[in-house]
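Each chain, letter by letter, is given below.
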Amino acid sequence: PVVPLPDETRDAVIGEYGWGEGPTQRLKVFLPERQTRLSIVREGGSARGLTYLGESTFSPTGAPDVTIRFAIEERRASRLSIASPAPVLEAIRLG
């Protein structure tokens, strides 16, 4: 079942996240032009659409076992965690 993405959740998670110093250790969550669904991309990689699962959690297109959960504090995501299903990485919001 499709879970509608609330505007406040969409706005809270858009941004850049990192887990190291290198440019390839960054993820960008964004809303592509003329799209209604968020996407995520790693520097130098291909963007993937994100399916909203509810409770600030998404799954990337083509990877149904992977979850990306955002920690939202004061209407803004401070970090994200990726699991597949075991934890894979945690990244903090940049800027």
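This text follows the structure it describes.
The residue count restarts for each chain, going from 1 along the sequence in the order it is written. The predicted nature of this model means local features are confined to residues of pLDDT at least 70 and side-chain atom pairs, given and counted, to a pLDDT of 80 or more, with totals for whole chains, interfaces and linings taken over all residues. Side-chain descriptors were evaluated using all non-hydrogen atoms of the structure, hydrogens and water having been removed beforehand.

K.L.:
Looking at this structure, how should I read the layout of surface pockets?
P.N.:
Over the atoms, a rolling probe the size of a water molecule traces out where space has been left empty. The pocket and cavity definitions rest on a 1 Å grid over protein atoms only: a 1.4 Å probe that fits but cannot leave marks a cavity, an open set with protein on both sides within 12 Å along at least five of seven lines marks a pocket, and residues lining either have an atom within 4 Å of a point. Grid points are joined across faces, edges and corners, and a volume is the space filled by probe spheres set on the points. Reported here for the largest pocket is a volume of approximately 280 Å³. For the largest pocket, the lining is made up of 14 residues, of which Leu27, Ile40, Pro60, Ile68 and Ile82 are closest to its centre. Those elements giving two or more residues to the lining of the largest pocket turn out to be β3 (39–42) and β8 (87–94). Of the residues that constitute the lining of the largest pocket, the class distribution is 9 nonpolar, 3 polar and 2 charged. In this structure, the second largest pocket is lined by Val2, Val3, Leu5, Thr36, Arg37, Leu38, Leu50, Thr51, Tyr52 and Phe58. Top element by residues in the lining of the second largest pocket is strand β4 (residues 48–54). It accounts for 3 residues. Grouping the amino acids of the lining of the second largest pocket by side-chain chemistry returns 7 nonpolar, 2 polar and 1 charged. Helix and strand labels come from DSSP, where a helix needs a run of H or I of at least four residues and a strand needs a run of E of at least two; each type is numbered from the N terminus. Residues are sorted three ways: Asp, Glu, Lys and Arg are charged, Ala, Val, Leu, Ile, Met, Phe, Trp, Tyr, Cys and Pro are nonpolar, and all the rest, Gly among them, are polar.

K.L.:
Help me understand the packing of aromatic side chains in this model?
P.N.:
Each pair of aromatic rings is reported with the distance of its centres and the angle of its planes. Geometry of aromatic contacts follows a simple scheme: Phe, Tyr and Trp rings, the Trp one being its six-membered ring, pair when their centres are within 6.5 Å, and the pair is stacked under 30 degrees between planes, edge-to-face over 60, tilted otherwise. Counting across every chain of the model gives 3 aromatic pairs. Taken together, a centroid distance of 5.6 Å and an interplanar angle of 65° make the contact between Tyr17 and Phe70 edge-to-face. In this pair, Tyr17 is assigned in strand β1 (residues 15–18) and Phe70 in strand β6 (residues 67–73), connecting sequence segments 53 residues apart. Residue burial is assigned from relative accessible area. The probe radius is 1.4 Å, only protein chains are included, and a residue is buried under 20% of its type maximum, exposed over 50%, and partly exposed in between. Judged by its relative accessible area of 4%, Phe70 is buried.

K.L.:
Would you explain the side chain of Ser56 in this entry?
P.N.:
Mapped onto the elements, Ser56 comes out in the loop between β4 and β5 (57–60). Any two residues whose heavy atoms approach within 4.5 Å at even a single point are treated as in contact. Residues contacting Ser56, with those up to four places away along its chain left out, are Thr9, Ile68, Arg69, Phe70 and Ile72.

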